[in-house]
Amino acid sequence: MSNIYEKLGVRTVINAVGPATRLSGGVMRPEVADAMRQASQHCVDMAELQAAASAVIARLTGAEAGYVTSGAAAGLLIGTAACVTGLDPLAMNRLPDTTGRPDEVLIPRSHRNFYDHAIRTTGVKLIEVGIADRFSGAGVRDTEAWEIAAAIGPRTAAVCYVAYGHSLPPLEQVVQVAHTANVPVIVDAAGQLPPAANLRHFIDSGADLVAFSGGKAIGGPQSSGILCGRRDLVSAAALQHLDQDILPELWRPPAALIDRERLPGAPQHGIGRPCKVGKEEIVGLLTALELFAAEDPEARRERWQALMTNLVEACRNLPHAHAQLVRDRKRPEIPVVHLDVDEEAAGMTALELVAQLQDGTPCIHANPSDVRDGRVIFGPLCLQPHEPEQIGRRLHQVLGQQA
Ligand SMILES: *Cc1c(COP(=O)(O)O)cnc(C)c1O
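Everything numeric here is computed off the predicted structure, so don't read it as measured data.

Conventions we followed
- Starting afresh in each chain, residues are numbered from 1 along the sequence in its written order.
- Only residues with pLDDT of at least 70 are given local features in this predicted model, and only at 80 or more are side-chain atom pairs given and counted; all residues enter the totals for whole chains, interfaces and linings.
- In computing side-chain values, all of the structure's heavy atoms are included and hydrogens and water are not.
- Secondary structure elements follow DSSP: runs of H or I no shorter than four residues count as helices, runs of E no shorter than two count as strands, and numbering proceeds from the N terminus.
- The size measure is the radius of gyration over C-alpha atoms, and the globule rule it meets is 2.2 Å times the number of residues to the 0.38 power.
- Note on exposure labels: buried denotes an accessible area under 20% of the residue type's maximum, exposed denotes more than 50%, and partly exposed covers the range between, all computed with a 1.4 Å probe on protein chains only.
- In this analysis, two residues are considered to be in contact whenever any of their non-hydrogen atoms come within 4.5 Å of each other.
- Under the convention used here, a 1.4 Å probe and the Shrake-Rupley method define accessible areas, while residue burial counts only the protein chains that appear.
- Charged-residue counts in this description rest on Lys and Arg as positive and Asp and Glu as negative, His and the chain ends being excluded.
- Charge coordinates come from a single atom per side chain, which is NZ of Lys, CZ of Arg, CG of Asp or CD of Glu.
- Here, a salt bridge means any side-chain nitrogen of Lys or Arg that lies within 4 Å of a carboxyl oxygen of Asp or Glu.
- Whether a residue is near a molecule or strand depends on its heavy atoms: if one lies within 4 Å, it is near.
- For the purposes of these results, a polar contact is taken to be a pair of N or O atoms within 3.5 Å, where, inside protein, one atom must be able to donate a hydrogen and its partner to accept one; residues adjacent in sequence count only when each atom of the pair is a side-chain atom.

What am I meant to see in the overall build of the chain here?
From N to C terminus, the chain includes 15 helices and twelve strands. Its C-alpha radius of gyration of 23 Å places the chain within 12% of the 22 Å reference for a compact globule of 403 residues. Across its three principal directions, the C-alpha atoms of the chain cover 75 × 55 × 35 Å. The buried share of the chain, reckoned over its 403 residues, is 50%. A fraction of 68% describes how many contacts in the chain between residues 6 or more apart in sequence connect residues 24 or more apart. With an accessible surface of roughly 19100 Å², the chain has 52% of that area assigned to carbon and sulfur atoms. Separation between the mean location of the 37 positive side-chain charges and that of the 46 negative ones in the chain comes to 2 Å.

So this is what it looks like as structure tokens:
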């Protein structure tokens, strides 16, 4: 069957990595694609649409307010900007010049990653706290909450916390020391869904702002995300993201999103303007979010488990490799397949196997993060029902050739 990518001469790939941006995320549910098409057929006031989105996001996350961003990274950017400027339109206009405002964001050293470009884009300085010697094998400890408390000062705009199963110190402790000093906590929870309970968990734990990806497990448009949290901060983020090319006399921001009474005037285009979202993304994200929140978690897990079981089945009698369905203790909601390669017998390393899958036809992308241990990982999030069998066939081809 021909598809739009064939016309462009672009290969489609079998994506067993998961919703990675470089692999275009996943395959959208028809309801989401249809909602985006419908959204594309009318014009709306974008602030009004974001105010409606805020109500939906607030209902599903328990946060005071929410906002649709062009991704979790964009959420971190405008969320940080909000923590720096508050509701001061002059400070908003000045960014990334942070003159006169708190301009440091604290982060446990082990949470540093290259998505934090988004935070630094606002002009703040990231201050790393503590040393995580548990990762070097030289020790067992990570940054502790009292170290964050000690690092907080008059220049501290926020504490950034990157949420993973293994993140330390515990979020609740970080929130406690930050709030004692009246400093907000921004949580990067980009990939922390499922479990769907995490939609509320970080807010319940006291986070002031939480950023989620819309294009990962939620199944929304690839360039969408959610920022949710405190009303004043979401409002400050919105003010630095919405298009502000409007005469003050004609500016009528929706009160639910922006309280005009608290502002001396309207800011101009803000630092978030380069990461704009379209109405199609907003409507698509909201549709996907409702579907994600409504799906029975057990049914979702079983859907993924069936794909992975089919893959294990398709890998039966594979020479020099053993496939096993694994339910990771830290991410039990997402079953995956571990393919352990007997590298010596196979005459190829796990990394070479990943490369061959990627370079062959069909083009198959597998997760290489454990190749140093001779293991290739396959995940279910972006797989279509017929693809496990195709992967199995290709694995038999590649590993069989070597035998
Ligand atoms: C994926 C990811 C991001 C970026 O999310 P986008 O929605 O693609 O912007 C940020 N932080 C972490 C930890 C991620 O895993």
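Please clarify how the pattern of salt bridges should be interpreted in this entry.
Oppositely charged side chains may form a pair once their charged atoms are brought near each other. Tallied over the full model, the rule gives 21 salt bridges. For Arg-230, the salt bridge goes to Asp-208, with nearest N and O atoms at 3.2 Å. Taken as a pair, Arg-230 in the loop between β8 (225-229) and α10 (231-239) and Asp-208 in the loop between α9 (198-204) and β7 (209-213) lie far apart in primary sequence, 22 residues in all. The buried category is assigned to Asp-208, whose relative accessible area is 6%. In the salt-bridge network here, residues are joined through shared partners; they are Arg-109, Arg-112, Asp-116, Arg-120 and Glu-128.

What am I meant to see in the site of the ligand here?
Close contacts around the ligand come from Thr-21, Gly-71, Ala-72, Ala-73, Tyr-115, Tyr-164, Asp-188, Ala-190, Ser-213 and Lys-216, and that covers them all. At 2.9 Å, a backbone N or O of Ala-73 approaches an oxygen atom of the ligand. Between an oxygen atom of the ligand and a side-chain N or O atom of Lys-216, the distance comes to 2.8 Å. Burial of the ligand by the protein chains amounts to 87% of its free accessible area of 380 Å².

Would you take a moment to explain α10 for this structure?
Side chains that are three or four residues apart share a direction in an α-helix, a result of its 3.6 residues per turn. Taking burial as the measure, the nine residues of α10 include seven buried ones, the bulk of the element. Those residues of α10 lying buried are Leu-233, Val-234, Ser-235, Ala-236, Ala-237, Ala-238 and Leu-239. The elements touched by buried residues of α10 are β2 (65-69), α4 (72-85), α5 (89-94), β7 and β8.

What is the right way to read unusual backbone geometry from this model?
Outside of glycine, negative phi angles account for most residues, and trans bonds account for most peptide bonds. With an omega of 0 degrees, the peptide bond running from Leu-168 to Pro-169 counts as cis. Pro-362 follows Thr-361 through a cis peptide bond whose omega is -5 degrees. You can see Pro-362 is positioned in the loop between α14 (350-359) and β11 (363-365). One non-glycine residue, Ser-24, adopts positive backbone phi at about 75 degrees. Following the sequence through the fold, Ser-24 ends up in the loop between β1 (13-15) and α2 (30-39). One non-glycine residue, Asn-182, adopts positive backbone phi at about 65 degrees. Mapped onto the fold, Asn-182 is located in the loop between α8 (171-180) and β6 (185-188). On the basis of relative accessibility, which here comes to 73%, the residue Asn-182 falls in the exposed class.

Take it as geometry only, folks, not as evidence of what the structure does.
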